[in-house]
Amino acid sequence: MTPAPTSEHELMARARALAGLTLGELAAQEGFALPADARREKGWTGQLIERALGADAGNRAQPDFTALGIELKTLPLDRLGRPRESTYVCRAPSSPAAGLRWKQSPVWHKLRRVLWLPIEAAHETPLPTRRLGWAFLWSPSDAEDHLLGEDWEELHTLLCLGRRDEISAHLGTLLQLRPKGADAQETAPGYDGDGRASRLPPLGFYLRARFTRQLLAQSNP
DNA sequence: TACTGATCATTC
DNA sequence: GAATGATCAGTA
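Thresholds, definitions, all that
Residues numbered from 1 in each chain as written. Chains lettered and ligands numbered in written order. Predicted model: local features only at pLDDT ≥ 70, side-chain atom pairs only at ≥ 80, totals over all residues. Heavy atoms only, no water. Helix = DSSP H or I, 4+ residues; strand = E, 2+ residues; numbered from the N terminus. Rg over C-alpha atoms; globule rule 2.2 N^0.38 Å. Buried < 20%, exposed > 50% of the residue type's maximum accessible area, 1.4 Å probe, protein only. Contact = heavy atoms within 4.5 Å. Areas by Shrake-Rupley, 256 points an atom, 1.4 Å probe, with all protein chains shown as cover. Lys, Arg positive; Asp, Glu negative; His and termini not counted. Charge placed at Lys NZ, Arg CZ, Asp CG, Glu CD. Pairing = 2+ DSSP bridges. Axes fitted to C-alpha atoms, helices over the stretch in contact; angles between N-to-C directions. Near = heavy atom within 4 Å. Polar contact = N/O pair within 3.5 Å; in protein donor to acceptor, adjacent residues only side chain to side chain. Salt bridge = Lys/Arg side-chain N within 4 Å of Asp/Glu carboxyl O. Core = buried A, V, L, I, M, F, W, Y, C linked by side-chain atoms within 4.5 Å. Disulfide = S-S within 2.5 Å.

Draft legend 1. Representation of the overall build of chain A within the structure. In terms of helices and strands, chain A carries six helices and nine strands. Its C-alpha atoms give chain A a radius of gyration of 18 Å, near enough to 17 Å, the size a compact globule of 221 residues would have. In terms of principal-axis extent, the alpha carbons of chain A reach across some 55 × 40 × 35 Å. Residues classed as buried in chain A amount to 41% of the 221 residues present. Sequence-distant contacts, at least 24 apart, represent 65% of the contacts inside chain A between residues at least 6 apart. Accessible surface computed for chain A: about 12000 Å², of which carbon and sulfur atoms make up 51%. Side-chain charges in chain A split into 28 positive and 27 negative, and the spacing between the mean points of these groups amounts to 2 Å.

As structure tokens, then:
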């Protein structure tokens with residue numbers, strides 16, 4: 001087990017030392033078994049890299065590197081080097097607090113400092129031969145923070161009003177709300193549009209691929 | 001090809 | 001059950 005990094009510098013050095021390795025090579029180093037069916041172990045890559053870098057948050061609702069306040073996200077790229085999938089941020093509250101502000105929200109805290117670890121040609125390469133790319137650290141610029149905050153306010157307001165029927169993944173320019181659960185049958189307690197208790201499928205906040213494409217482009221000028 | 005809605009594994 | 005880690009798969 002890799003110990004947790006004690007500084008941002010140490011974390012970045014570790015992350016960049018991974019560049020060029022294949023997932024199979026890293027798994028062998030870490031004593032991580034390759035999944036028999038990659039379609040059924042969607043979180044495998046993220047968990048392997050957490051282990052290799054010494055993430056210490058487990059599955060608690062805290063940044064992966066607790067002492068540094070840094071969140072780790074893998075960023076699967078296509079063969080053109082562009083993110084294709086959205087990035088999960090965190091779950092949306094089933095009973096949101098009406099007075100909550102953007103800078104108090106779990107989304108804001110999660111995105112405060114993110115270590116992005118690109119996975120090259122993730123959609124075209126079998127999992128064991130996918131290569132790790134050049135990691136980069138990101139914090140939202142003032143402009144990005146503003147736009148994220150606007151999206152969050154819009155979505156949070158709909159959640160607070162219980163207007164679930166108006167919520168879809170179409171809303172939001174950088175952020176979106178989409179289902180986040182085992183399946184469409186999963187439910188969590190919440191409130192409907194009339195304020196009555198009901199059970200609804202859980203949602204999660206995601207960053208659109210459009211946005212992570214921008215972040216990647218900014219990171220290698 | 002991009003996007004949305006659905007889904008899979010694991011841990012506490 | 002609710003959080004973590006995400007990608008799959010159908011369709012526009």
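Draft legend 2. Local environment of the sheet that holds strand β6 (residues 175–179). With antiparallel pairing, the three strands of this open sheet are ordered in space as β2-β9-β6. Two strands lie at the open edges of the sheet, namely β2 (87–91) and β6, each paired on one side alone. Averaged over all neighbouring strand pairs, the angle between strand axes comes to 35°, with direction disregarded. Sheet topology places β6 next to strand β9 (residues 203–207); five bridges connect them, and they run antiparallel. Each bridged residue has a counterpart across the sheet, and for Arg178 the counterpart in β9 is Gly204.

Draft legend 3. Layout of the protein's contact with DNA strand C. Neighbouring residues of DNA strand C: 24 residues in total, closest Glu50, Asp64, Glu71, Lys180 and Tyr206. In DNA strand C, the atoms that sit within 4 Å of the protein are 60% sugar and phosphate, with bases accounting for the remainder. Gly43 has a polar backbone atom sitting 3.3 Å from a base nitrogen of DNA strand C. Contact between DNA strand C and Arg178: a base oxygen at 3.4 Å from a side-chain N or O atom of the residue. Tallying contributions element by element places strand β1 (residues 71–76) first for the surface near DNA strand C, with four residues.

Draft legend 4. Region of the structure containing the pattern of salt bridges. The final tally for this structure, using the stated rule, is 10 salt bridges. With its nearest N and O atoms 2.8 Å apart, the salt bridge here joins Glu10 to Arg14. Of the two residues, Glu10 and Arg14 both sit in helix α1 (residues 8–17), four residues apart, roughly one turn of that helix. A relative accessible area of 26% means that Glu10 is categorised as partly exposed.

Draft legend 5. Examining the protein's contact with DNA strand B more closely. DNA strand B sits among 19 residues. The nearest are Arg40, Lys42, Asn59, Arg82 and Ala169. For DNA strand B, a phosphate oxygen lies 2.8 Å from a polar atom in the backbone of Ala169. Gln176 places a side-chain nitrogen or oxygen 3.0 Å from a phosphate oxygen of DNA strand B. Listing elements by their share of the surface near DNA strand B, those giving two or more residues are β6 and α6 (209–219).

Draft legend 6. Expanded view of the nonpolar core. The biggest cluster of nonpolar side chains holds 28 residues, and the ones touching the most others in it are Val107, Trp138, Leu148 and Phe205. Taken together, the elements giving at least two residues each to this core come down to β2, α4 (106–110), β3 (114–120), β5 (136–138), α5 (142–161), β6, β9 and α6. The greatest single-element share of this core, amounting to five residues, is contributed by α5. Not counting the four nearest positions on each side in its chain, Leu148 is found in contact with Trp102, Leu111, Trp138, Pro140, Leu174, Leu175, Leu207 and Phe211. Among the nonpolar cores identified, the runner-up in size contains 25 residues, and Trp44, Ile49, Leu72 and Leu117 belong to it.

Draft legend 7. Quick look at the environment of Leu155. Residue placement: Leu155 occurs in helix α5. Distance in space between the C-alpha atoms of Leu155 and Pro63 is 23 Å, their sequence separation being 92 residues. When residues no more than four places from it in sequence are discounted, the contact partners of Leu155 are Leu171, Leu175, Gln176, Leu177 and Phe205.

Draft legend 8. Molecular detail of the state of the cysteines. Taken as a whole and judged by the stated rule, the model has zero disulfides. For the unlinked cysteine Cys160, the closest cysteine sulfur is that of Cys90, found at 14 Å. For Cys160, a relative accessible area of 29% corresponds to the partly exposed category.

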